[in-house]
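Each chain is listed here by its residues.
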Amino acid sequence: MTVTKEEGPGPVRIALCQIDVTVGDIDGNTARAIEAVKRASGQGATVTLLPELTLTGYPPEDLLARASFIEENIDALKVFASECETSVVVGFVDRTAEGLHNAAALCRSGQVVRVYHKRRLPNYGVFDEARWFRPGIDPGLVQIEDRMAALGICEDIWDDSLPVEAVCGGARMLLNISASPFHADKGSARERMLCDRARDNGVIVAYCNLVGAQDELVFDGRSCVVAPDGRVLARAKAFEEDLLVVDVGEGGAADAGRLEEVPEGPEEVWAALRAGLGGYVRKNGFSRVVLGLSGGIDSALTAALAVDALGEAGVVGVIMPSRYSTDHSVTDARELANRLGIDVLEIPVEEAVSALETALAPAFGTGPPGVAEENLQARVRGTLLMGLSNRFGWLVLATGNKSELSVGYSTLYGDMVGGFAPIRDVFKTRVYELARWRNSLGAVIPEASIDKEPSAELRPGQTDRDTLPDYEVLDRILAAYVEGDASVREMIDAGLDASTVQQVCRMVDASEHKRRQGPLGVRITPKAFGRDRRMPVTNAYRG
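Heads up: these notes are all about the structure in this document. Throughout, residues of each chain are indexed from 1 in the direction in which the sequence is written. Residues qualify for local features only when their pLDDT is at least 70, as the model is predicted, and side-chain atom pairs are given and counted only at 80 or more; totals for whole chains, interfaces and linings, by contrast, use all residues. Side-chain measures were taken over the full set of non-hydrogen atoms in the model, leaving aside hydrogen atoms and water.

### Structural notes on the overall build of the protein chain
We count it as follows: We count a stretch as a helix when DSSP gives it H or I for four or more residues in a row; a strand needs E for two or more, and each element gets its number in order from the N terminus. This radius of gyration counts C-alpha atoms alone. The globule rule is 2.2 Å times how many residues there are, raised to the power 0.38. Burial here depends on accessible area, computed with a 1.4 Å probe over protein chains only, as a share of the maximum for the residue type. Under 20% is buried, over 50% is exposed, and the range in between is partly exposed. We call two residues contacting when some pair of their heavy atoms lies within 4.5 Å. Each accessible area is a Shrake-Rupley estimate made with a 1.4 Å probe; only the visible protein chains count as cover when residues are assessed.
Along the protein chain, the regular secondary structure elements total 17 helices and 18 strands. The C-alpha radius of gyration computed for the protein chain amounts to 26 Å, which stays within 12% of the reference 24 Å derived for 543 residues, consistent with globular compactness. The C-alpha extent of the protein chain, read off along each of the three principal axes, is 110 × 50 × 50 Å. Counting across all 543 residues of the protein chain, residues that qualify as buried make up 56%. Across the protein chain, contacts joining residues at least 24 apart in sequence account for 71% of those joining residues at least 6 apart. A total of about 22,600 Å² of accessible surface is found on the protein chain, and carbon and sulfur atoms cover 50% of it.

### So, the side chain of Gln18
Counted only if it meets this: Two N or O atoms form a polar contact when they lie within 3.5 Å of each other; inside protein one atom must be a possible hydrogen donor and the other a possible acceptor, and for residues adjacent in sequence the pair counts only when both atoms belong to side chains.
Its place among the elements puts Gln18 in strand E1 (residues 12–18). Looking at Gln18, its side chain comes within polar contact range of the main-chain oxygen of Glu240, at 2.6 Å.

### Some thoughts on the packing of aromatic side chains
Our working rule: Two aromatic rings, drawn from Phe, Tyr or Trp (for Trp, its six-membered ring), form a pair once their centres lie within 6.5 Å of each other, and the interplanar angle then sorts them: stacked below 30 degrees, edge-to-face above 60, tilted otherwise. Counting as a charge over the ring demands two things of the Lys NZ or Arg CZ atom: a distance within 6 Å of the ring centre and an angle within 35 degrees of the ring normal.
Throughout the structure, instances matching the rule amount to six aromatic pairs. Between Tyr58 and Phe219, the aromatic rings sit 6.2 Å apart at their centres with planes inclined by 80°, giving edge-to-face as the arrangement. Linking Tyr58 in the loop between strand E2 (47–49) and helix H2 (67–81) with Phe219 in strand E11 (residues 217–220), this pair joins segments that are 161 residues apart in sequence. Since its relative accessible area comes to 5%, Tyr58 is described here as buried. Residue placement shows Lys402 over the ring face of Phe427; its charged tip is 5.1 Å from the ring centre.

### Details of the sheet that holds strand E5 (residues 111–117)
In a beta sheet, neighbouring strands are held together by backbone hydrogen bonds and run either parallel or antiparallel to one another. Rules: Note on pairing: DSSP must find at least two bridges between two strands before they are called paired. A fitted line through C-alpha atoms serves as each axis, taken over the contacting stretch for helices, and the angle formed by two N-to-C directions is quoted from 0 to 180°.
Read across the open sheet, the six strands follow the order E5-E4-E3-E2-E1-E14; overall the sheet is mixed. Each edge of the sheet is formed by a strand with only one pairing partner; in this case those strands are E5 and strand E14 (242–248). Between one strand axis and the next, the sheet turns by 30° as a mean value, whatever way the strands run. Of the strand pairs in this sheet, strand E3 (residues 87–96) and strand E4 (residues 99–108) are connected by nine bridges, and their pairing is antiparallel. When the bridges of E4 are listed, Val93 appears paired with Asn102. Contacts between helix H1 (residues 26–42) and the sheet are confined to E1, E2, E3 and E14, with E1 contributing the most and set at about 150° to the helix. Running at roughly 155° to E3, H2 makes contact with E3, E4 and E5 of the sheet.

### Points about the sheet that holds strand E9 (residues 204–209)
Reading across the sheet, the six strands line up as E6-E7-E8-E9-E12-E13 and stay open at both edges, with mixed pairing between neighbours. Either end of the sheet is taken by a strand with one partner, and the two such strands are strand E6 (141–144) and strand E13 (232–235). On average, adjacent strands in this sheet sit at an angle of 20° to one another, irrespective of strand direction. Where strand E12 (residues 224–226) lies against E13, three bridges are found, and the strand directions are antiparallel.

This is the structure we're talking about:
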């Protein structure tokens with residue numbers, strides 16, 4: 001008798017379409033998704049994945065309160081499905097008797113053949129999904145050609161119990177669509193998790209992540225396919241749209257998958273900042289940005305970042321000297337503009353400041369000048385920048401960093417004005433690191449701007465050290481208090497100076513009202529101000 005060995009499932013050609021969509025642009029997102037599917041189909045894809053909530057954009061937030069928005073997204077799904085011949089998984093918002101669902105639709109032969117509802121709804125950090133969505137209960141098992149697969153959406157695969165459940169149901173592939181926001185080092189941690197899921201369950205993992213920027217969030221892409229033994233078979237680009245196609249057999253790749261390089265350290269952070277700034281400017285319809293150039297490192301770094309994101313023609317610098325501006329600050333600002341090749345305006349502020357001082361003199365009375373007089377200079381500069389914005393339609397970039405924002409070392413309606421603050425989540429020590437790294441690619445930032453003692457230049461001989469601890473010390477305290485939620489006692493017990501810790505924490509607590517009024521900026525840490533860290537303005541707790 002002849003025994004015939006039963007053959008396993010044949011190879012599957014998986015296409016991962018990591019595309020950049022815009023929240024609310026349902027028609028545009030749908031057209032972009034259809035175009036991506038056609039490119040994948042042209043390469044013979046068996047199954048194609050697009051990111052989480054592709055049709056609506058992520059996160060849609062309170063647009064979900066509008067019935068018309070939900071209806072239009074459901075109608076768009078029908079249009080999208082009509083263009084799908086082979087199996088395609090796309091994210092959308094579904095509606096049932098239980099409420100709204102973050103959903104994935106499996107489309108095939110011109111129809112929606114299966115809908116899966118996200119089961120794990122993140123409600124921490126930047127995530128607020130339990131506000132609007134109801135969780136699903138279905139394990140999402142689907143048939144893809146001759147292989148059983150399980151659908152999943154983003155957070156579902158971070159829960160190690162759900163892949164186990166899917167495998168017990170017969171799944172040999174996990175198909176996960178995601179909108180996973182970036183923070184430094186998250187991409188490598190996420191990929192390690194995906195490798196663990198594949199290895200622990202002996203299955204193929206295909207993961208398609210969103211790319212691009214939405215307000216302060218950045219999505220880094222890095223979609224990938226992982227073999228059952230935990231090897232990454234193919235990886236898409238970071239921070240760029242990409243189409244990744246790979247043939248996968250039961251044990252791994254049937255061909256040599258493309259493995260894009262992964263940026264690390266300052267290169268990764270710079271790429272995120274560039275994507276965040278560029279995405280915000282373009283998606284909100286601005287053609288140019290404008291920022292003040294003080295000759296210091298923060299404005300220099302912001303200007304260099306803006307040129308990398310938008311090109312030199314998209315950036316205008318404004319030098320606004322006062323009576324306290326040093327000659328080298330003005331020359332450093334001019335040198336920066338020259339190296340970057342950007343247009344620059346010079347508008348002295350002395351006349352406007354003097355006029356305000358004269359107007360306020362009767363109310364201020366006699367006595368030495370103080371913070372109120374210093375802040376007039378910053379507020380005149382802010383007014384000038386906003387005047388240029390109103391006149392020419394330019395977006396004003398605020399140049400403050402996370403260290404300054406944390407302790408309130410900034411002026412409301414002065415240097416805090418602007419529509420976007422690219423480095424607001426970047427501690428000062430990292431500002432220096434990024435400046436040196438960027439100069440390693442080409443010396444665009446004058447060395448004097450990096451080496452000089454930081455100063456607001458609002459009074460004679462002023463330096464940041466007059467008010468703040470050394471930035472190495474300050475940032476260590478801020479990382480513990482702001483990002484790590486450490487108490488004053490815990491930091492002191494860890495060896496930090498008690499008086500310095502108490503001083504810094506008082507400044508952080510007293511500055512919440514300022515941060516609430518500041519512009520958005522790119523999130524690059526696990527706990528940024530705004531979406532992540534939500535503290536009360538009126539707050540009597542100290543500890």
